[in-house]
Amino acid sequence: MAKVSIENIRKQFGAAVAVSDFSLEIAEGELVTFLGPSGCGKTTTLRMIAGFITPTSGRIRIGETDVTRLPVHKRDTGMVFQRYALFPHMTVAENVAFGLEMHKVPKADRDAKIRRVLDMVRMTELRERYPRQLSGGQQQRVAIARALAIEPKVFLLDEPLSNLDAKLRLEVREEIRALQRRLGLTTVFVTHDQEEALAIADRMAIMHDGIVQQVGAPDTLYERPANLFVADFLGKMNVFTGRSQADNVFQTDAGQRIAAPGGAGATHVGVRPERVRLQGQPAGGNALAGVVESSLYLGSVLEVRVQLEGGNRMVSQIVNGGARVAQPLPGERVYACFEPEDCVAFTQ
Ligand code: ATP
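The rules behind each value
As a convention, each chain's residues are numbered from 1 in the sequence order in which they are written. In view of the model being predicted, local features appear only for residues whose pLDDT reaches at least 70, and side-chain atom pairs are presented and counted only at 80 or more, with totals across whole chains, interfaces and linings using the full set of residues. Strand pairing requires that DSSP identify at least two bridges connecting the strands. In this description a helix means any DSSP run of H or I spanning at least four residues, a strand means any run of E spanning at least two, and both kinds are numbered starting from the N terminus. Angular values range over 0 to 180 degrees, each being the angle between N-to-C directions of two axes fitted as lines to C-alpha atoms, with helices fitted over their stretch in contact. What pLDDT reports is the predictor's confidence in each residue, on a scale of 0 through 100. In this text, near has one meaning. A residue is near a molecule or strand if its C-beta atom, placed using the backbone, is within 6 Å of it. Residues are grouped as follows: nonpolar covers Ala, Val, Leu, Ile, Met, Phe, Trp, Tyr, Cys and Pro; charged covers Asp, Glu, Lys and Arg; every other residue, Gly included, is treated as polar. Every helix has an expected span of 1.5 Å times one less than the residues it contains. Remark: C-beta atoms are placed from the backbone, and a residue is labelled buried if 20 or more other C-beta atoms sit within 10 Å of its own, exposed if 12 or fewer do, or partly exposed between those counts. As used here, the arc belongs to the directions running from the helix axis to the C-beta atoms. Once C-beta atoms have been placed from the backbone, residue pairs whose C-beta atoms lie within 7 Å are recorded as contacts. We define a nonpolar core as a collection of buried residues of the types Ala, Val, Leu, Ile, Met, Phe, Trp, Tyr and Cys that are connected via C-beta atoms lying within 7 Å of each other.

A. Examining the sheet that holds strand E9 (residues 203–208) more closely. One open sheet holds the six strands; their spatial order is E6-E7-E8-E3-E9-E10, and the pairing between them is mixed. The open sheet has two free edges, formed respectively by strand E6 (77–80) and strand E10 (211–216), since each of these has just one partner strand. Direction aside, the axes of adjacent strands within the sheet are offset by 15 degrees on average. Across five bridges, the pairing between strand E7 (residues 154–158) and strand E8 (residues 186–191) is parallel. Across the sheet, residue Leu156 finds its bridge partner in E8, namely Val188.

B. Representation of the confidence of the model for the chain within the structure. Looking at the chain as a whole, the pLDDT averages 92, with 99% of positions reaching at least 70. Predicted complex metrics record ipTM = 0.92 and pTM = 0.89.

C. Geometry of the site of the ligand. Inspection of the region around the ligand gives Phe13, Ala16, Ala18, Gly36, Ser38, Gly39, Cys40, Gly41, Lys42, Thr43, Thr44 and His192 as its neighbouring residues. Of all elements in the fold, only strand E2 (16–26) and helix H1 (42–50) reach the threshold of two or more residues within the shell around the ligand. Of the residues contributing to the shell around the ligand, the split by class is four nonpolar, seven polar and one charged.

D. Structural view of the pairing of strand E17 (residues 301–308). The sheet contact formed by strand E16 (residues 286–297) and E17 spans seven bridges and is antiparallel. Along E17, the bridge assignment pairs Leu296 with Glu303. Looking at chain direction, E17 and strand E18 (residues 313–319) are connected through seven bridges and run antiparallel. Within E18, the position partnered with Val304 by the bridge is Ser316. Two successive antiparallel strands, E17 and E18, enclose a turn made up of four residues, where Gly310 displays a positive phi of approximately 90 degrees.

E. Inspection of helix H3 (residues 107–120) at higher detail. Compared with an ideal rise of 1.5 Å per residue, which puts 14 residues at 20 Å, H3 spans 21 Å between its outermost C-alpha atoms and is within 8% of the ideal. Buried residues of H3: Ile114, Val117 and Leu118, and no others. Buried residues in H3, looked at end-on, bunch into an arc of 95 degrees, giving them a common side. Turned more than 90 degrees away from the buried face of H3 sit Ala108, Asp109, Ala112 and Asp119, all of them exposed. On its buried side, H3 packs onto helix H2 (92–102) and helix H4 (136–149). Positive phi appears at Arg122, one or two residues downstream of H3, with a value of about 60 degrees.

F. Here's a closer look at the sheet that holds strand E1 (residues 4–13). Pairing in this open sheet of four strands is antiparallel, and the strands run E2-E1-E4-E5 from one edge to the other. Edge positions in the sheet fall to E2 and strand E5 (65–66), since each has one partner strand and no second. Where E1 lies against strand E4 (residues 57–62), five bridges are found, and the strand directions are antiparallel. Its bridge partner being in E4, Val4 is matched across the sheet by Ile62.

G. Examining helix H5 (residues 166–183) more closely. The end-to-end C-alpha distance of H5 is 26 Å, a good match for the 26 Å that 18 residues give at a rise of 1.5 Å each. Among the residues of H5, Arg169, Val172, Arg173, Ile176 and Gln180 are the ones counted as buried. The buried residues of H5 occupy one face: seen down the axis, they fall within an arc of 110 degrees. When the buried face of H5 is taken as reference, the exposed residues oriented beyond 90 degrees from it are Lys167, Glu171, Glu174, Ala178 and Arg182. Where H5 is buried, its residues touch strand E3 (31–35), H4, E7, E8 and helix H6 (194–200). Taken from the residues just after H5, Gly184 is the one with a positive phi, measuring 60 degrees.

H. Expanded view of the nonpolar core. One finds Val96, Ala145, Val188 and Ala336 to be the most contacted residues of the largest nonpolar core, which totals 89 residues. Among the elements that line this core, the one with the most residues is H4, at seven residues. The contact partners of Val96, leaving out residues within four places of it in the chain, are Ile114, Val117, Leu118, Val142, Ala145, Arg146 and Ala149.

Following this line, the structure appears as structure tokens:
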């Protein structure tokens, strides 16, 4: 395994900047997700690591080797694509063998390697089948086996689960993570699905318009987003605009005063819906009076929308406690209560 060093890479297609000044060090055995909306530059970055695209400027190293201008097959990377990219006229085993052949693995060694990786992805019994005789999940397992057969130093996955249905997506995701951990693979996993990125990553890089917004562990990014984009992209957040007053007090444009630490110079304060409790009496560090506007039933949670006195709305997410637990009803007067330490202040 090897670390990956991405140093100030930039990619322009004509006048359009797809990736602007991206730097990141990925440790040996670490799984990093690139997360962002469509067109933010994550695939372009991944393809630059793989070697399909040459950066306009900057440098990429795998281990100590500068690979910036090396062709794909000399980089020791194994890549898995969204659309499996299996050869339809080859069996499962032949598809895996093809990758080994391309990497000039001696014929005598190929069989053992094929057996090993097919076993890893639980596809041994289906080794003589053709791709059309496999489910999407099975095809993606073959693609993973093919990428891993060459024992790459870096494992690259470009939205590998997007074509699978919701249940299978979870299953294959767990398999990829388990395999990655067991083999200690340095891995980059591109996705636009925030839950997927949070669940699988050691660290995540959030991208927007070709620019990295924040890099960090999933809980850091979720709890302490650096800006509005990250806060909003990683789940729901109640965001107030206004300005910070004295230390630790934020005045919203609608006149509410919110205790929120670290707010000097802040223009926005956010709090996650699951940190907002609805109570009949004010309680805790912040308690904003309001009236329940609506309650949305989402199965495991209820999402209650509150119209606050003076303006602004807040959403509170409450665990669904079943019929025996009284639920807030539209029209009911409540206090939206939340603690200062659960607030995040932004300067943009
Ligand atoms: P998606 O999730 O839709 O795949 P992405 O985050 O992976 O999006 P990229 O595919 O990296 O985004 O594209 C980043 C930007 O670069 C986009 O604006 C895209 O239109 C542009 N782009 C990508 N490839 C090319 C190309 N070959 N020629 C011109 N523009 C390109």
